Amino acid sequence: MRRLALVVALLAGLLASGAASAAPIASVQDDNLVNVRGAALAERLDALAATGVKVTRVDVLWSEVAPRRPADARNPADPAYDWSRYDEIARGLQARGITAILDFYRTPPWASRSGRPESAPRAADGARFAGAIARRYSGSFPDPLGGVLPRISRIEVWNEPNLPGFWMPQCRRGAGGRARLVSPGAYAALLAASYREIHAANATAQVIGGVAGPAGRSPTACPKDGRAAVGSLDWARLIADEGPPIDAWSMHIYPIGGPLQAFFVPSWSTLPRVAQQVDRLRAGAPIHVTETGYHTSYNRFHQYFVSEAQQAAWVDETMTAAAAQSRVGVVTWFNFQDNPRWTAGLLRLDGSRKPSYDRFPAAGAAYGPRAGWAP
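Cut-offs and rules
Residues numbered from 1 in each chain as written. Predicted model: local features only at pLDDT ≥ 70, side-chain atom pairs only at ≥ 80, totals over all residues. Heavy atoms only, no water. Helix = DSSP H or I, 4+ residues; strand = E, 2+ residues; numbered from the N terminus. Rg over C-alpha atoms; globule rule 2.2 N^0.38 Å. Buried < 20%, exposed > 50% of the residue type's maximum accessible area, 1.4 Å probe, protein only. Contact = heavy atoms within 4.5 Å. Areas by Shrake-Rupley, 256 points an atom, 1.4 Å probe, with all protein chains shown as cover. Lys, Arg positive; Asp, Glu negative; His and termini not counted. Charge placed at Lys NZ, Arg CZ, Asp CG, Glu CD. Expected span 1.5 Å × (residues − 1). Arc of directions from axis to C-beta. Disulfide = S-S within 2.5 Å.

**Considerations on the overall build of the protein chain**
At step 1: In terms of helices and strands, the protein chain carries ten helices and ten strands.
At step 2: A compact globule built from 375 residues would reach a C-alpha radius of gyration of about 21 Å, and the protein chain, at 20 Å, matches this within 12%.
At step 3: Seen along its three principal axes, the alpha-carbon backbone of the protein chain occupies a region of about 65 × 60 × 40 Å.
At step 4: Across the 375 residues that make up the protein chain, the buried fraction comes to 56%.
At step 5: Within the protein chain, contacts between residues separated by at least 24 positions form 72% of all contacts whose residues are at least 6 apart in sequence.
At step 6: Accessible surface computed for the protein chain: about 15,300 Å², of which carbon and sulfur atoms make up 53%.
At step 7: On the protein chain, the mean spot of the 41 positive side-chain charges and the mean spot of the 31 negative ones are 6 Å from each other.

**Here's the deal with helix H2 (residues 38-50)**
At step 1: Its 13 residues give H2 an end-to-end C-alpha distance of 18 Å, which sits within 8% of 18 Å, the value for a rise of 1.5 Å per residue.
At step 2: Taken residue by residue, H2 has Leu41, Arg44, Leu45 and Leu48 as its buried positions. Buried residues along H2 cover an arc of 100° about the axis, so they all sit on one side. Facing away from the buried surface of H2 by more than 90 degrees, the exposed residues are Ala39 and Glu43.
At step 3: Looking at the packing, one finds that the buried side of H2 touches strand E1 (25-29), strand E2 (55-61) and helix H4 (84-95).
At step 4: Immediately beyond the C-terminal end of H2, within one or two residues, lies Gly52, with a positive phi of roughly 95°.

**A short note on the state of the cysteines**
At step 1: Here the structure, examined in full by the defined rule, presents one disulfide.
At step 2: A sulfur-sulfur separation of 2.4 Å characterises the disulfide bridge that pairs Cys171 with Cys222. Between Cys171 and Cys222, the S-S dihedral sits near -75°, and the bridge is therefore left-handed. Of this pair, Cys171 sits in strand E5 (residues 171-173) while Cys222 sits in the loop between strand E7 (206-212) and helix H7 (232-242), and the two are 51 residues apart along the sequence. Residue Cys171 shares its accessibility class with Cys222, and that shared class is buried.

Structure below.
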């Protein structure tokens with residue numbers, strides 16, 4: 001009873017602070033789309049469509065598209081590029097009435113100082129690739145198979161750049177041996193340059209920045225190896241200090257506890273604090289939660305897990321928590337299917353359905369794309 005009272009009080013407070021003027025959009029990401037082709041891809045796309053969702057998120061792996069440096073990186077037709085995998089995904093999603101959000105990351109060796117995929121790219125190189133994505137999927141670029149390629153207007157700049165697994169270095173030692181955080185400034189430079197390149201390629205595209213991974217706190221001092229993780233609230237503040245332009249903000253929320261609990265960071269209840277920082281970049285900008293979910297067994301990436309029945313119940317509660325926030329635009333469940341490293345899927349590793357799977361047809365119907373929410 002006490003927990004129920006806390007939930008009711010929290011929800012009432014959230015609604016009082018600003019009930020959603022438009023419901024958030026329910027989304028599911030299948031990160032295996034980029035690993036299959038042909039009939040296997042069609043099968044996965046059909047399975048994704050069967051959930052009823054009309055929005056998904058697709059990772060564009062830069063190092064796979066551009067393993068060597070393009071002569072003209074802004075031109076998607078440069079022979080160094082291989083878009084075939086993503087063209088096939090884009091066509092398949094369009095045929096099934098599903099809109100995509102494209103994020104890009106994984107630095108190719110030629111664009112980094114260390115040659116590692118998590119190495120921070122040179123801003124100009126990353127931004128030109130972002131512009132090439134926007135140009136190719138502008139809705140007017142020729143399709144190699146005939147006609148034009150689908151339009152995809154939402155581009156998310158990187159994935160979890162506040163975490164060392166996706167962006168290094170987070171810290172750098174300067175004069176006197178003192179280390180300081182450098183990732184916010186470096187990422188803000190990429191975001192600003194990408195914004196310019198994306199809008200030059202497609203003036204109506206929407207640039208999504210931030211993409212903060214679920215870190216609760218920042219280091220009190222930078223470790224020697226530079227592998228710090230910047231807390232998501234601090235990340236929003238530090239990026240706002242840098243001032244890059246954005247059209248929307250995004251972040252990832254993997255709560256420890258139920259969606260309506262308010263005792264952890266980041267959580268749904270801390271979104272208003274993020275919004276205050278986002279308003280410094282663009283007043284009223286949407287905040288997309290482009291990853292969320294609950295694991296149903298132990299793994300080394302997320303030691304917190306719940307039963308399959310609890311996961312299913314918290315699908316509904318997640319959308320309730322999101323709907324109580326006036327700024328949330330999209331809520332993406334990650335992932336569609338379990339893999340050995342990630343067990344938050346709606347499907348088990350063998351492809352059988354968890355109870356949570358059955359919640360998404362209703363979520364897709366209740367929280368589908370709004371009128372005017374163009375591809």
